[in-house]
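Observations on the three-dimensional arrangement
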Amino acid sequence: GAVVSQHPSRVICKSGTSVKIECRSLDFQATTMFWYRQFPKQSLMLMATSNEGSKATYEQGVEKDKFLINHASLTLSTLTVTSAHPEDSSFYICSAPGLAGGASDEQFFGPGTRLTVL
Amino acid sequence: GIQVEQSPPDLILQEGANSTLRCNFSDSVNNLQWFHQNPWGQLINLFYIPSGTKQNGRLSATTVATERYSLLYISSSQTTDSGVYFCAGGYSGNTPLVFGKGTRLSVIA
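Rules behind the numbers
- Residues numbered from 1 in each chain as written.
- Chains lettered and ligands numbered in written order.
- Predicted model: local features only at pLDDT ≥ 70, side-chain atom pairs only at ≥ 80, totals over all residues.
- Heavy atoms only, no water.
- Disulfide = S-S within 2.5 Å.
- Helix = DSSP H or I, 4+ residues; strand = E, 2+ residues; numbered from the N terminus.
- Buried < 20%, exposed > 50% of the residue type's maximum accessible area, 1.4 Å probe, protein only.
- 1 Å grid on protein atoms, 1.4 Å probe; cavity = no way out; pocket = protein on both sides within 12 Å on 5 of 7 lines; lining within 4 Å.
- Points joined across faces, edges and corners; volume = space filled by probe spheres on them.
- Nonpolar A, V, L, I, M, F, W, Y, C, P; charged D, E, K, R; others polar.
- Contact = heavy atoms within 4.5 Å.
- Polar contact = N/O pair within 3.5 Å; in protein donor to acceptor, adjacent residues only side chain to side chain.
- Salt bridge = Lys/Arg side-chain N within 4 Å of Asp/Glu carboxyl O.

Let's shift gears to the state of the cysteines. This model, assessed by the stated rule, comprises two disulfides over all chains. One disulfide in the model links C23(A) with C94(A); its S-S distance is 2.0 Å. Measuring handedness by torsion sign, the sulfur bridge of C23(A) and C94(A) sits at about 85 degrees and is right-handed. On the criterion of sequence distance, the pair formed by C23(A) in strand β3 (residues 19-25) and C94(A) in strand β9 (residues 90-97) is long-range, its members being 71 residues apart. Judged by its relative accessible area of 0%, C94(A) falls in the buried class. Sulfur-sulfur distance for the disulfide between C23(B) and C87(B) comes to 1.6 Å. When the S-S torsion is 55 degrees, as for the bridge of C23(B) with C87(B), the disulfide is right-handed. Placement of C23(B) in strand β3 (residues 19-25) and of C87(B) in strand β9 (residues 83-90) is noted, with a sequence separation of 64 residues between them. The exposure classification of C23(B) matches that of C87(B), with both residues buried. Summary of cysteine pairing: C13(A) is not part of a disulfide, and the nearest cysteine sulfur, belonging to C94(A), is at 19 Å.

Below, the structure is given as C-alpha cells:
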C-alpha cells in the first residue's frame, strides 16, 4: 500500500517557539492531504485540508494564522505551529488519499508527530 | 456532516475470547476504514471496507452499507490486540475521514 511519512516523530519545544512538521507521500502523489489532531484519550479531529497549489481550508475553531499549512509539492505538506503554547501539545497526524486514479477511496496515514510545548 | 458512533466505548476481554465492535454512520459513506492505534499512537490500517466482508487472520469486518453500519470481529483475542480501535468514514477519498470516539480494548491474560 501507499506510504506516508512524518517528520519529526516527536518534538519538545519551549513556549513561544515555532515548530514545523512535515508530511510526505513516499510512493505516490497527493494533491490533497489532511491534518488531524488528537488530544490524550480523545479521537482524531480534522484540523485542515491541505491543497497543492492553493490555500488550505481550515475547520471551524482552528486558527489559520497559528497553524500554517504549505503544500509545496505533490508529495509534501508542512504544518507549522507558530508561537506554540502548552495547550498546543498534542498528537498531529496527516493523511493522504490513495494512489491517484485508483479504484479505491482508501486514505493512508502518517505515523504522527507528538508535540510537547513546555 | 457525517456522525460516527462506536460501541462499546470500553471492552475488557479474557485472552482467547471473541468480540464484536460496531460502528454506526449517520450518512452513507464511500470510504470506511477500521484502525488500531498502538501504544505509540500510530494508526494501523486494519480494513478499508465501504461494503461487504473482509478477513485478515483473526480479524474480520463486515459493512452493511444500506443500513450504514460496520462491524469488526476479533476472534481468539491476544494481549497484543489491546489498544484503541477506531472506525472512520468519508464521502470519498478526497474528503476527510470522520472518526468515531473509539473502543478501548484491554485483553488480559
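Here the focus is empty space enclosed by the protein. Tallied over the entire structure, the rule returns one cavity of 30 Å³ or more. Tallied by class, the residues present in the lining of the largest cavity amount to seven nonpolar, two polar and two charged.

Bringing the environment of S43(A) into the picture now. Along the chain, S43(A) turns up in the loop between β4 (32-38) and β5 (44-51). On a C-alpha basis, the gap between S43(A) and H85(A) in space is 21 Å, while along the polypeptide they are 42 residues apart. Beyond its immediate chain neighbours, meaning those up to four positions away, S43(A) contacts R37(A), Q38(A), F86(B), F99(B), G100(B) and K101(B). There is a polar contact of 2.6 Å between the side chain of S43(A) and the backbone oxygen of G100(B).

All right, on to the pattern of salt bridges then. Taken as a whole and assessed by the stated rule, the structure comprises three salt bridges over all chains. For R24(A), the salt bridge goes to E22(A), with nearest N and O atoms at 3.5 Å. Note that D81(B) and R58(B) form a salt bridge whose closest N and O atoms lie 2.8 Å from each other. In this pair, D81(B) is assigned in the loop between β8 (69-74) and β9 and R58(B) in the loop between β6 (52-56) and β7 (59-64), connecting sequence segments 23 residues apart.

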